[in-house]
Amino acid sequence: MAELDGRTALITGSARGLGRALVRAFLDAGARVVAWDVDEEANRAMARETGADGDRVVPMTCDLADLDALAECYAEVRERHGAVDVLVNNAARALTKPLWDITPGEWDQVFDVNLRAAFFLTREVTGDMRARGSGRVVNLASIAGQAPRPTGAAYGAAKAGLIALGRVFAAELGPHGITVNTIAPAMIDTPMVRSVGDEVLAALTAQVPVGRIATPEEVARLAVYLAGPHAGFITGATYDINGGALMR
Ligand SMILES: NC(=O)c1ccc[n+]([C@@H]2O[C@H](COP(=O)([O-])OP(=O)(O)OC[C@H]3O[C@@H](n4cnc5c(N)ncnc54)[C@H](O)[C@@H]3O)[C@@H](O)[C@H]2O)c1
């Protein structure tokens, strides 16, 4: 029997990058995956490429920046699939800009997706988990929320907020059988990271003790573990997966 047989996982930001790897890893572990992304076409392509049938992987188009849309999407999930067992808050909006140049609109866009949506979606989903007395939440934060980095004001602050939020949810939901944990990766080998170019990437990698960046699969496997049956005594934790780039 696979680790997550019979479980349903809702994964946000599933269309590309780490989200794709998360969907595959959860499918491999036996889960049914409801995959949310704002990019309808890429999300459908992602689902097709897994080769899983339409019952195992269910792509849905949802804009997490819109709280009404978020509530409607979740109501549809509940109606079609019942309460989910696992929520992975992976969707994100990155912003790399000197602090003088960040506009109020950009600040809001980053916070709306990375933090506000995580709060409201987690609250919706864990309301149902609480009624059932069990559930798992895994949040994708970042080393940017732990260590200061020039040009990372909005993104870093939102990710730091997500780490704090995970701890508050863990404290409030522990008595209801729900665990909430956070993964804080450094650079992951995704098209977005590759787009900085070989030279920049080599310079950044040189600062990592293990001398490379993470594969998406390494990060996804950690999420599966935290969502699984052996992780019931882990909650409110932040898992650094950064090749030693930050030791604390
Ligand atoms: N890539 C890295 O090196 C790295 C490092 C540290 C942390 N992380 C974190 O890991 C997670 C995945 O990173 P990634 O590199 O795969 O990101 P990405 O930008 O490649 O993908 C993010 C996904 O979220 C979706 N999304 C964005 N806004 C949305 C919205 N309003 N509604 C619904 N979906 C939306 C995008 O369409 C996309 O598919 C993120 O939380 C990111 O902050 C990534």
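Computed from a predicted model, the values in this text were never measured in an experiment.

Trainee: Just to check I follow, could you spell out the packing of helix 4 (residues 104–132) against helix 5 (residues 153–173) for this structure?
Mentor: Angle between the axes and distance between the axes: these two values describe a pair of packed helices. It is at 9 Å that the axes of helix 4 and helix 5 come closest, and there the two elements cross at 15°. Taken together, helix 4 and helix 5 sit at an angle that is classed as roughly parallel. The handedness of the crossing between helix 4 and helix 5 is right-handed. Here helix 4 contributes Trp107, Val110, Phe111, Asn114, Leu115, Ala118, Phe119, Thr122, Arg123, Thr126 and Arg130 to the contact with helix 5, which in turn contributes Ala153, Ala154, Tyr155, Ala157, Ala158, Lys159, Gly161, Leu162, Leu165, Phe169 and Leu173. Counted by class, the contact of helix 4 with helix 5 contains 15 nonpolar, four polar and three charged residues.

Trainee: Is there a simple way to explain helix 2 (residues 40–50) in this structure?
Mentor: Residues separated by three or four positions in an α-helix point in the same direction, a consequence of the helix having 3.6 residues per turn. Looking only at helix 2, the buried set comprises Asn43, Ala45, Met46, Ala47 and Thr50. In this structure, the buried residues of helix 2 make contact with helix 1 (17–28), strand 2 (32–37) and strand 3 (57–61). One or two positions beyond helix 2, positive phi appears at Gly51, with a value near 80°.

Trainee: Quick question: what am I supposed to make of the environment of Leu140 here?
Mentor: Along the chain, Leu140 turns up in strand 5 (residues 135–140). For Leu140 and Ala92, which are 48 residues apart along the polypeptide, the C-alpha to C-alpha distance reads 8.7 Å. Leaving out residues up to four positions away in the same chain, Leu140 has contacts with Leu18, Leu22, Val88, Asn89, Asn90, Lys159, Leu162, Ile183, Pro185 and Val219.

Trainee: For this particular structure, what's the right way to read the site of the ligand?
Mentor: Leu18, Asp37, Asn90, Tyr155 and Ile188 are the nearest of the 27 residues found near the ligand. Between the ligand and Val38, the relevant distance is 3.4 Å, taken from a nitrogen atom to a main-chain nitrogen or oxygen of the residue. Measuring from an oxygen atom of the ligand, one finds a side-chain N or O atom of Tyr155 at 2.5 Å. Within the complex, the protein chains bury 93% of what would otherwise be the 830 Å² of accessible surface of the ligand. For the shell around the ligand, the secondary structure elements donating two or more residues are helix 1, helix 5 and helix 6 (191–194). Considered class by class, the residues forming the shell around the ligand number 18 nonpolar, five polar and four charged.

Trainee: What should I look at first to understand a negative patch on the surface in this one?
Mentor: Where like charges cluster on the molecular surface, the negative patch consists of Asp63, Asp66, Asp68 and Glu72. Its location among the elements puts Asp63 in the loop between strand 3 and helix 3 (67–81).

Trainee: Got a minute to help me understand the nonpolar core in this structure?
Mentor: Nonpolar side chains in soluble globular proteins tend to end up buried together. Leu10, Trp36, Leu121 and Val125 are the most contacted members of the largest nonpolar core, which has 37 residues in total. Listing elements by their share of this core, those giving two or more residues are strand 2, strand 3, helix 3, helix 4, helix 5 and strand 6 (178–185). Ala29, Ala220, Ala223 and Ile241 belong to the second largest nonpolar core, which has 34 residues in total.

Rules and cut-offs
- Residues numbered from 1 in each chain as written.
- Predicted model: local features only at pLDDT ≥ 70, side-chain atom pairs only at ≥ 80, totals over all residues.
- Heavy atoms only, no water.
- Axes fitted to C-alpha atoms, helices over the stretch in contact; angles between N-to-C directions.
- Helix = DSSP H or I, 4+ residues; strand = E, 2+ residues; numbered from the N terminus.
- Parallel < 35°, antiparallel > 145°, perpendicular 65-115°, else oblique.
- Left-handed = near helix turned anticlockwise from the far one by under 90°.
- Contact = heavy atoms within 4.5 Å.
- Nonpolar A, V, L, I, M, F, W, Y, C, P; charged D, E, K, R; others polar.
- Buried < 20%, exposed > 50% of the residue type's maximum accessible area, 1.4 Å probe, protein only.
- Near = heavy atom within 4 Å.
- Polar contact = N/O pair within 3.5 Å; in protein donor to acceptor, adjacent residues only side chain to side chain.
- Areas by Shrake-Rupley, 256 points an atom, 1.4 Å probe, with all protein chains shown as cover.
- Patch = residues over 30% accessible without salt bridge, like charges linked within 9 Å, V, L, I, M, F, W, Y side chains within 5 Å.
- Salt bridge = Lys/Arg side-chain N within 4 Å of Asp/Glu carboxyl O.
- Lys, Arg positive; Asp, Glu negative; His and termini not counted.
- Charge placed at Lys NZ, Arg CZ, Asp CG, Glu CD.
- Core = buried A, V, L, I, M, F, W, Y, C linked by side-chain atoms within 4.5 Å.

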